[in-house]
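# Summary of structural features
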Amino acid sequence: MREPLSYEIAHGAALAALEAGRADGHKVCAVVVNRSGVTKILLSDDGVGLLGVETARRKAYTSAVSGVPTAKFATFAASPQMQVAPPHLVDANLLPVAGGVPIVTADGEVIGAIGVGGADDVTDDRIAQQARDSVAKIVA
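All of the points below concern the structure found in this document. (Residues numbered from 1 in each chain as written. Predicted model: local features only at pLDDT ≥ 70, side-chain atom pairs only at ≥ 80, totals over all residues. Heavy atoms only, no water.)

### What about the overall build of the protein?
In terms of helices and strands, the protein carries six helices and four strands. Walking the protein from its N terminus toward its C terminus, one meets helices and strands in the order α-β-β-α-α-α-β-β-α-α. For 140 residues, the compact-globule estimate of 2.2 N^0.38 gives 14 Å, and the C-alpha radius of gyration of the protein, at 14 Å, lies within 12% of that figure. With respect to the three principal axes, the spread of C-alpha positions in the protein is 40 × 40 × 20 Å. Classification of the 140 residues of the protein by burial places 45% in the buried group. By sequence separation, contacts in the protein at least 24 residues apart represent 67% of the contacts at least 6 residues apart. Per element, the accessible surface of the protein, about 6,900 Å² overall, is 58% carbon and sulfur. Computed over 12 positive and 15 negative side-chain charges, the inter-centroid distance for the protein is 2 Å. (Helix = DSSP H or I, 4+ residues; strand = E, 2+ residues; numbered from the N terminus. Rg over C-alpha atoms; globule rule 2.2 N^0.38 Å. Buried < 20%, exposed > 50% of the residue type's maximum accessible area, 1.4 Å probe, protein only. Contact = heavy atoms within 4.5 Å. Areas by Shrake-Rupley, 256 points an atom, 1.4 Å probe, with all protein chains shown as cover. Lys, Arg positive; Asp, Glu negative; His and termini not counted. Charge placed at Lys NZ, Arg CZ, Asp CG, Glu CD.)

Written out as structure tokens, the structure reads:
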């Protein structure tokens, strides 16, 4: 098992998300969690409401515990097989909405995730991917 997600990596990813959002004219919240879904850091631009903060947290949590981007998890959650046990009934923190991506080592181990909220899901997802990619070399 590798070192856990460091504060420096978590802060770098969250800051990169805010900067990417600002570059596109969006105010967002970025939450980085460890592999268990526990919040390591939360950075939020002025003007982001509670909904943006909470969705960012839940997207990060969902991606960390599932090990996949929340866009992929959303497809799975909407499948007919999941109608018997919808994810929100299994775990109320799961949020099957794009905008969360796992932070993964070069050998494929999920060490955490970043979730972005405050814009639309497509924009949140793009920003989360950019933020994750900004720390990829450090994580490797």
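### Regarding the environment of Gly49
Note on placement: Gly49 falls in the loop between β2 (39-44) and α2 (50-66). Along the chain, Gly49 and Lys27 lie 22 residues apart, while their C-alpha atoms are 9.8 Å from each other.

### Observations regarding the pattern of salt bridges
Across all of its chains, the model carries six salt bridges by this definition. Here Arg132 makes a salt bridge to Asp133, at a shortest N to O gap of 2.9 Å. You can call Arg132 partly exposed: its relative accessible area is 23%. Under the relative-accessibility criterion, Asp133 is labelled partly exposed at 47%. (Salt bridge = Lys/Arg side-chain N within 4 Å of Asp/Glu carboxyl O.)

### Structural notes on the sheet that holds β2
Strand order across the open sheet formed by four strands is β2-β1-β4-β3, with antiparallel pairing between neighbours. Sheet topology places β2 and β3 (100-104) at the edges, where each strand pairs with a single neighbour. Across the sheet, the axes of successive neighbouring strands diverge by a mean angle of 15°, strand direction being ignored. Across six bridges, the pairing between strand β1 (residues 29-34) and strand β4 (residues 110-117) is antiparallel. The residue bridging Val32 from the neighbouring strand is Ile114, located in β4. With respect to the sheet, α2 is in contact with β1, β2, β3 and β4, its orientation differing from that of β4 by roughly 155°. (Pairing = 2+ DSSP bridges. Axes fitted to C-alpha atoms, helices over the stretch in contact; angles between N-to-C directions.)

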